[in-house]
Amino acid sequence: MEGEEDRRMKKITIGVCALEKKASSAPMFQILERLQAFGEFEIVHFGDKVILEEPVERWPICKCLIAFYSTGYPLQKAEAYAALRKPFLVNALGQQHLLHDRTKVYERLKMYEVPIPRYALVNRQFPNQDLDYLVEEEDFVEVHGNRFWKPFVEKPVDGDDHSIMIYYPSSAGGGMKELFRKIGNRSSKFHPEVRRVRREGSYIYEEFMPTGGTDVKVYTVGPEYAHAEARKSPVVDGVVMRNPDGKEVRYPVLLTPAEKQIAREVCLAFSQGVCGFDLLRCEGRSYVCDVNGWSFVKNSHKYYDDAACVLRKMFLDAIAPHISSAIPPTLPWMVNEPVQPSEGLTHQSRSIIGASGQSEELRCVIAIIRHGDRTPKQKVKLKVTEEKLLNLMLQYNGGRPRAETKLKSAVQLQDLLDATRTLVRRNRPGRGSDSEAEEFEHAEKLRQVKAVLEEGGHFSGIYRKVQLKPLKWVKVSKENGEEVERPTEALMVLKYGGVLTHAGRKQAEELGRYFRYHMYPGEGTGLLRLHSTYRHDLKIYSSDEGRVQMSAAAFAKGLLDLEGELTPILVSLVSKDSSMLDGLENASIEIKEAKVKLNEIITSGAKADQNSKAPEKPWMVDGAGVTSNASELLPKLFELTKKVTEQVRLLAKDEDEELAERSSFDVVTPYDQAKALGKTNIDANQIAAGLPCGNEGFLLMFARWRKLERDLYNERKGRYDITQIPDVYDSCKYDLLHNAHLNLEGLDELFKVAQLLADGVIPNEYGINPRQKLAIGSKIARRLLGKILIDLRNTREEAINVAELKTNQSSNSVVSSHGKDDANQHYKAHSKIDNTRRASFTSDKSMDQEDDDDGEIKYRLDPKYANVKTPRRHVRTRLYFTSESHIHSLMNVLRYCNLDESLQGEPSLFKNIALERLYRTKELDYMSYIVLRLFENTEVALEDPKRFRLEMTFSRGADLSPLEKRNDSEAASFHQEHTLPIMGPERLQEVGSCLTLEMMEKMIRPFAMPAEDFPPSIPHGFSGYFSKSAAVLERLANLWPFHKHGNNTNNGNKVEKPKEHRQPLQEYY
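Conventions adopted
- Numbers given for residues are sequential positions, taken from 1 along each chain in its written order.
- Totals for whole chains, interfaces and linings use all residues, but because this is a predicted model, local features are given only for residues with pLDDT of at least 70 and pairs of side-chain atoms are given and counted only at 80 or more.
- Neither water nor hydrogens contribute to the side-chain values; these are computed over all heavy atoms in the structure.
- Here, nonpolar core means buried Ala, Val, Leu, Ile, Met, Phe, Trp, Tyr and Cys residues that are tied together by side-chain atoms lying within 4.5 Å of each other.
- Per-residue accessibility, obtained with a 1.4 Å probe over protein chains only, is compared with the maximum for each type, and a residue is labelled buried under 20%, exposed over 50%, and partly exposed between these values.
- A run of H or I in DSSP becomes a helix once it reaches four residues, and a run of E becomes a strand once it reaches two; helices and strands are each numbered from the N terminus.
- The contact criterion used is simple: two residues touch if any of their non-hydrogen atoms lie within 4.5 Å.
- Per-residue confidence from the prediction method is given by pLDDT, with values spanning 0 to 100.
- Residues are said to line a cavity or pocket when one of their atoms sits within 4 Å of a point; the points come from a 1 Å grid over protein atoms alone, cavities being sets where a 1.4 Å probe fits but cannot get out and pockets being open sets with protein on both sides within 12 Å along at least five of seven lines.
- Grid points are joined across faces, edges and corners, and a volume is the space filled by probe spheres set on the points.
- Only when DSSP finds a minimum of two bridges between them are two strands counted as paired.
- Axes here mean lines fitted to C-alpha atoms, for a helix over just the part in contact, with angles spanning 0 to 180 degrees between N-to-C directions.
- Patch membership requires more than 30% relative accessible area and the absence of a salt bridge. Residues of like charge join within 9 Å; the nonpolar side chains Val, Leu, Ile, Met, Phe, Trp and Tyr join within 5 Å.
- All accessibility values rest on the Shrake-Rupley procedure with a 1.4 Å probe; residue burial counts only the protein chains present in the view.
- Whenever a carboxyl oxygen of Asp or Glu lies within 4 Å of a side-chain nitrogen of Lys or Arg, that contact is scored as a salt bridge.
- Neither His nor the chain ends contribute to the count of charged residues, in which Lys and Arg are positive and Asp and Glu negative.
- Charge placement uses NZ in Lys and CZ in Arg. For Asp and Glu, CG and CD serve respectively.
- Put simply, two rings from Phe, Tyr or Trp (the six-membered ring, in Trp's case) pair if the centres are within 6.5 Å, and we call them stacked under 30 degrees between planes, edge-to-face over 60, tilted for the rest.

### Let's talk about the nonpolar core
Here is step 1: Membership of the largest hydrophobic core comes to 47 residues, with the highest contact counts inside it found for L909 and F910.
Here is step 2: For this core, the secondary structure elements donating two or more residues are β20 (360–370), α16 (578–581), α25 (782–810), α28 (884–896), α29 (912–920), β30 (929–937), β31 (948–955) and α31 (997–1004).
Here is step 3: Considering every element that reaches this core, the biggest residue donor is α25, with 7 residues.
Here is step 4: In contact with F910, not counting residues within four places along its chain, are M891, L894, R895, L915, L918, M952 and L988.

Below, the structure is given as C-alpha cells:
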C-alpha cells in the first residue's frame, strides 16, 4: 500500500534541454516556476556544459523533454538523446530542421492547406548564377512564368538569414526597404536607390500583403491554445515602439475562429507544441508568412498562468494519465498583474459644440481631405507623322494599327525620349508661310516633350502619362503580297505637372499632426496611445492621382508620428480606390451644361445690374459668386497674361539656345524619383541662381504660360474660354508662391483679376444653382457618400454591441478570463477558470465576428490580456484623400440635400449662418477638408436617436492669398518654405444643435450608393474558408497525436499527417 502511494507521489521529471540563454529567459522562468508550484514536477536544467560537451549517454534522464533549437544548439545530438531515452517531447526535434528552410516551411504549410502568400522559388547553385526562368523588369519579376508586381517581398531561403527586402513600384517612388533583426530602435531601413533584386543567393519571391501597418504574432501552447499579439509592422517606418522599460510594445488581439484553426494546424503540421508564427491579415483573410518554432509571450502574467496549465495537462496526459489534470479552483501561485493607470483618452465632458455637461465618447472620425500644394497641371497635344513615333506606338500596342497606346514605364518613356531627341536635331524652319508656321509650332512642341522627359521632375512614376492615338491609316503590301493597315498619323497627348510640391508635403504632414492633437479629445498623445493599443481602427483611402496618394502618406506620417520616407508609408497604409475618389465621368453631361450656362452669364454681363436688390439668400441664385463686372475683366485678364508670358519667353530664350547647342548625345543625369518624392526642402541654390523653383526650367515655364495665353482667348474667333480662368489663377498663385524671386512684372495684378473671376467660376463649375449642384454632386460623390454611411452604421452597430455586452457582463456573476482558450472546453474540467473562459469566448465572439459591410482588416484588443483600463473603447477613423471636384461635390450634397423632391419639408442639415459662411467661401483650397465626428452619449437609452450625435466641421485649406500681409513668423515661412498655412476648422452647425445619426442617414441616403451595390465584402475571419475540404476540418478536430504515446518509435521526430477524427470541430470552437 505504501509502495503504491510512493509511486503516485513520485514527481515527473521535466528536462530543459536548451541553451542557457534561452532556458533562463524571463518567460521560461515564470512558466517553469508555475509548473513546479503544482507539486507534480521536478525541473532538471541540462546546462550548456552538458549539452555541448557531454555525450548523450551522460545527459540527465527525464520523462518529459523541452528541447528546441537556437544558434549554436546541437540539434542532431538532442535527437540522439531522444532516440536513446524516448521521453515525451513538447516539440518534435526532427521537424525543427524544416524551420531553417523557408521553402520547406511553405511546402509543409501547403500540405496542411494553411493559407500562405503566393510565392515562387529562385534557387541558385552559386552566386550570380544566370537563370533562364527569372525575368526582371522595372516593376515586376517573373519566376517560372509567375509574375510578381511590385511591391513584392524577397526572402532568403535560409531561415536563419533575416535580411528580407521589399521592393516598391516606380508608381510609389521605387526603392527598397530592408527588414532585419532589431538593432536598437530600428528594424528596417529604406534604400531609395536600390531597384534591382539580389542575385547572390537563393530567394523566395512573394506577394506583398498590405496589413494596415500591423503584424500579428501568434503563440501556441499545444494545438488547442493560441495567444496573439500585434505590433507596428517594420515595413512602415522601421522605428521600434518601446515602453519605458525598453521592451517592444505589443498588445494582445483577438483571433477569429478561422485563425484559431490556422494556429492549430500550424502546431500539428510541425509537431511543435510551443510554437510562434507570423500572421498577415489582408483584405479580410489571414495568411501565415513565417513559422519560428519555440516562442513564448513576454511580460504577460495571464499568459504564463495559461501556458503552465496547458503544459501541465500535456505532461500528465502523456506520462501519468491516472492523475487528474483538472485545474484546481485556486492556482498554487499568486502573481499580481500591474494595473494600467486610467487614460481617459476618448472621453470628453463637453464637445466643442455639444450641450455642456453631456457625457459623450468619440466613436468615429471621418475626414474627406483635398491634396496638398501642387505644380500646375499641364498637357501637350500634337499630331505626329514621324516614322519613329509611329513605330514606337506599334511596338507597345502589339502591332495593332488602330489601337491606342499608353506609355508610362521608364523603359517606354526612354524609348520615346530617344526618338524625340533624334527628331529635335533637325534644322528648325523659319516662320514664313503658314505651313512653315505650323512646322515651327510642331517643332516647338517636340522640344517641349523632350524637355519634359529630360527634366523628369514633373513627369515620373505616378505623374507621367503619354497617349498615342492613331488618326489616319493606309494599306500597304507586305513582301508576300498581303495587304495590311499602317498608321500614318497619330495624336500624341503628353500630361505632366500636378506634382505634390515640397510645400504640399509639409502641409499634409502638418495637418496630420494637427488632427493628432485636436480631432481626438484628450491629451496630444491620446491618439498615439489609442492607436498603439489597437483601439483605433484607421483606414486611409486615396484616389489614383500621385499628388493625392503622397498627400495621404505625408498626412499619415504626421498623424501617427512616423519617421522616414513616404514610399513605405504609402504602400503600407494607403489604399487606392479610384472608383470612389476619382473621375467626373458620371456627371460629365451636367458639368458641360453648367459651364455653357456659366459662360453665358460671364461673357454677356448678365449680372451687371447694379440697382437690383441683393437677395436674402444669395447662394440660391444662378451663378452665385460671379462678380458683376466679369465681362469687363476678361480683356484685362488676357492682356496681363500676355505680359507675363512675354517676360517668361525672354527668360526661356537663353535656356532654349543652350539646349539647342547641347549635343543630343550628351549624358543627361537620370531623374531620381524617390529622392524627389522625399524632398521636403527648397533647392536654395537653384533659387539663388535665379532659376524657377522645383524641376521646372524656363522652357517649360514658358510653355505653360504660352498655352494659357492661347487657350484663354481665340483672337481669330474673338471668343474667351472661361474654363481657362481657374488655370490662369492656379499658375499665378503657384508663381507668386514659388517663383516670387523672378520678379515678374504685372503678376500681382494678374493674380487679383484672376482671383475675382475664379471666385465665381470655380464654385459654379459643379452647378450654377443649388439644384444643379445637388444633381452633379450626387453623381460624382455617390459612391463616397455610400461608403460614409457604411462607416457610420458599422460604428453605431459596434458601439451598441459593446454597450449590450457591458450590460450582460454586469448582470453575470462570472468574470471573463480569456476568450481564445478553447482547449479547456475539450478538457471538460469543471473548474472556475474553465467556466470563465467558456463564458468569455461567447463575449469575444460577439465582438470578433463583426461582419462590416466594408470588408476591411480588423484588429481588436483582447480585453483579458490587455493592460489598459478601457480595453473595449474603440475609435474608428476613415480618411479619404481626393481632389477638388469631390470636395465640392460632397459639400454641395450636404448643404442642399433637403432640396430633393423625396425630402420636401425637411430642414437643411446646415442653418442659414453656415450656408452664408459657405457662400463666402469661394475656394476649397489645398488641404481643405470636411470632418464628420460621431459621438455616443452613454447616458442615453440605446433606442434613443439622440444617443448618437454627428458634428460636422470644414476648413477652407490653404486659402490665404500670397499677396496678403502677414506677421513676421508667417512671412518667414512663406519666403523660406513657400508654404501657406492651413485655415482652422469652422462649424457647420449652431452651438447646442444636435444632428442625430438617424437624421443624417435619412437626408443622405437618397444620394448615396446603397450598401448592397458595393462589391461583396469578405466576412471577417472568412469562416468556412476550409469548407472546401471536409478532411481538413476533421483533421483539425484531432488532438495532439504524438502526445498519446510517450514511447512511440519515432520519438515525435517524424510525424505523419494526422489521421481522420470524426469528432465535430464545433465542440472546440
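### Side note on the confidence of the model for the protein
Here is step 1: For the protein, per-residue confidence averages 81 on the pLDDT scale, and residues scoring 70 or more make up 78% of the total.
Here is step 2: The low-confidence segment residues 456–461, where pLDDT is below 50, has 25 contacts with residues more than four positions distant or belonging to other chains.
Here is step 3: Note that residues 1017–1069 has pLDDT below 50 and, in this model, 130 contacts with residues that lie over four places away or in other chains.

### Remarks on empty space enclosed by the protein
Here is step 1: Enumeration according to the criterion identifies 13 cavities of 30 Å³ or more in this entry.
Here is step 2: By volume, the largest cavity amounts to about 220 Å³.
Here is step 3: In this structure, the largest cavity is lined by 17 residues; those nearest its centre are P763, R895, L918, Y919 and T921.
Here is step 4: At the level of elements, α23 (747–764), α28 and α29 are the ones that each hand at least two residues to the lining of the largest cavity.

### Notes on the sheet that holds strand β10 (residues 164–167)
Here is step 1: Read across the sheet, 6 strands follow the order β5-β13-β9-β10-β11-β12 without closing on themselves; strand pairing throughout is antiparallel. Edge positions in the sheet fall to β5 (119–122) and β12 (186–191), since each has one partner strand and no second. Across the sheet, the axes of successive neighbouring strands diverge by a mean angle of 25 degrees, strand direction being ignored.
Here is step 2: Sheet topology note: the strand β9 (residues 152–156)/β10 ladder contains 3 bridges and is antiparallel. Following the sheet pairing, V153 is matched in β10 by I166.

### Some points on helix α24 (residues 770–780)
Think of an α-helix as turning once every 3.6 residues; residues three or four places apart then point the same way.
Here is step 1: Of all 11 residues in α24, 8 are buried, a share of seventy percent or more.
Here is step 2: Looking at α24, one finds that the buried residues are P770, Q772, K773, L774, I776, G777, S778 and I780.

### Some words on a positive patch on the surface
Here is step 1: The grouping of K21, K22, R181, R242, K247 and K298 at the surface amounts to a positive patch.
Here is step 2: Tracing the backbone through its elements, the reader meets K247 in the loop between β15 (226–232) and β16 (251–253).
Here is step 3: Of the residues examined, K247 reaches a relative accessible area of 42% and is grouped as partly exposed.

### As for the side chain of E765
Here is step 1: Note that E765 resides in the loop between α23 and α24.
Here is step 2: Of the side chains bearing the opposite charge, K595 lies closest to the buried E765, which forms no salt bridge; the N-O distance is 4.2 Å.
Here is step 3: Excluding anything up to four places from it in sequence, E765 contacts I591, A594, K595, L598 and P726.

### Quick notes on the sheet that holds strand β7 (residues 140–143)
Here is step 1: The 3 strands are arranged β6-β7-β8 in an open sheet whose pairing can be described as antiparallel. Edge strands, defined here as strands with exactly one partner in the open sheet, are β6 (134–137) and β8 (146–149). Adjacent strand axes in the sheet meet at a mean angle of 15 degrees when their direction is disregarded.

### So, the packing of aromatic side chains
Here is step 1: Summed over the entire model, instances satisfying the criterion amount to 22 aromatic pairs.
Here is step 2: A ring pair is formed by F68 and W294, whose centres lie 4.6 Å apart and whose planes are at 5 degrees; its orientation type is stacked. Residue F68 is located in the loop between β3 (64–67) and α5 (75–85), and its partner W294 is located in the loop between β18 (285–293) and α8 (301–319); the two are separated by 226 residues in the primary sequence.
Here is step 3: When the centroid spacing of 5.0 Å and the interplanar angle of 55 degrees are considered together, the rings of F638 and Y713 count as tilted. In this pair, F638 sits in helix α18 (residues 630–661) while Y713 sits in strand β27 (residues 713–714), placing the two residues 75 residues apart along the sequence.
Here is step 4: Given a relative accessible area of 3%, F638 falls into the buried group.

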